[in-house]
Amino acid sequence: MTAEQAPVRPHGGQGGSSLMTERGRTTIADEVVAKVAGMAAREIEGVHEFGAGGVRAFGAIKGALGGEDGVTKGVSVEVGERQAAADIHLVVEYGVAIPDLAQAVRGNVIRAVERMCGLEVTEVNIAVDDVHLPRQESSAPADGEPRVQ
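Residues numbered from 1 in each chain as written. Predicted model: local features only at pLDDT ≥ 70, side-chain atom pairs only at ≥ 80, totals over all residues. Heavy atoms only, no water.

Under an unreviewed UniProt entry, the protein has the name Stress protein and belongs to Microbispora amethystogenes.

Trainee: Hey, could you run me through the nonpolar core in this one?
Mentor: In summary, soluble globular proteins display a tendency toward joint burial of nonpolar side chains. If you look at the biggest cluster of nonpolar residues, it comprises 28 residues, and the most contacted ones within it are Val 33, Ile 88, Leu 90, Val 105, Val 109 and Val 113. It is helix H3 (residues 98-117) that contributes the most residues to this core, seven residues altogether. (Core = buried A, V, L, I, M, F, W, Y, C linked by side-chain atoms within 4.5 Å. Buried < 20%, exposed > 50% of the residue type's maximum accessible area, 1.4 Å probe, protein only. Helix = DSSP H or I, 4+ residues; strand = E, 2+ residues; numbered from the N terminus.)

Trainee: How should H3 be read in this particular structure?
Mentor: An α-helical segment advances 3.6 residues per turn. Residues three or four places apart therefore align on the same side. Here H3 contains 20 residues, and its C-alpha end-to-end distance of 27 Å stays within 8% of the 28 Å for a straight helix at 1.5 Å per residue. Of the residues making up H3, those classed as buried are Leu 101, Ala 102, Val 105, Gly 107, Asn 108, Val 109, Ala 112, Val 113 and Cys 117. (Expected span 1.5 Å × (residues − 1).)

Trainee: What is the right way to read helix H1 (residues 30-42) from this model?
Mentor: Helix length check: H1 (13 residues) gives 18 Å between terminal C-alpha atoms against 18 Å at 1.5 Å per residue, within 8%. Every buried residue of H1 is listed here: Val 33, Ala 34, Val 36, Ala 37, Gly 38, Ala 40 and Ala 41.

Below is the structure:
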């Protein structure tokens with residue numbers, strides 16, 4: 001890494017991270033870090049959805065009204081000058097080993113944020129708020145079909 005590429009002295013601002021080099025400054029908004037963390041967490045098999053109950057309900061209403069299904073739903077980040085930390089609320093698929101899933105999510109989030117944002121990730125806290133149970137197949141007949149003949 002050359003002197004021009006290496007961060008000289010990070011200079012943080014409100015609502016984001018700033019990486020200062022001799023040739024200029026790069027500012028990364030908190031929302032960007034949250035989106036990177038959310039996308040990285042979604043890549044892990046066994047993650048059903050994000051957010052605690054209230055967040056999921058609000059997201060469902062927002063989606064029904066045509067709002068964007070937020071990548072940051074259930075993800076909160078704290079971003080400093082050189083470091084970031086994330087809290088992620090998950091709903092996991094039934095049958096998945098939760099400790100293994102949490103480790104996979106944590107590792108993927110750390111790799112993605114550090115690679116894409118250049119920030120050291122100090123911690124990724126995972127809160128499993130629910131387990132998604134497979135729906136039982138309905139044995140009821142289709143619309144209007146008699147059960148017997």
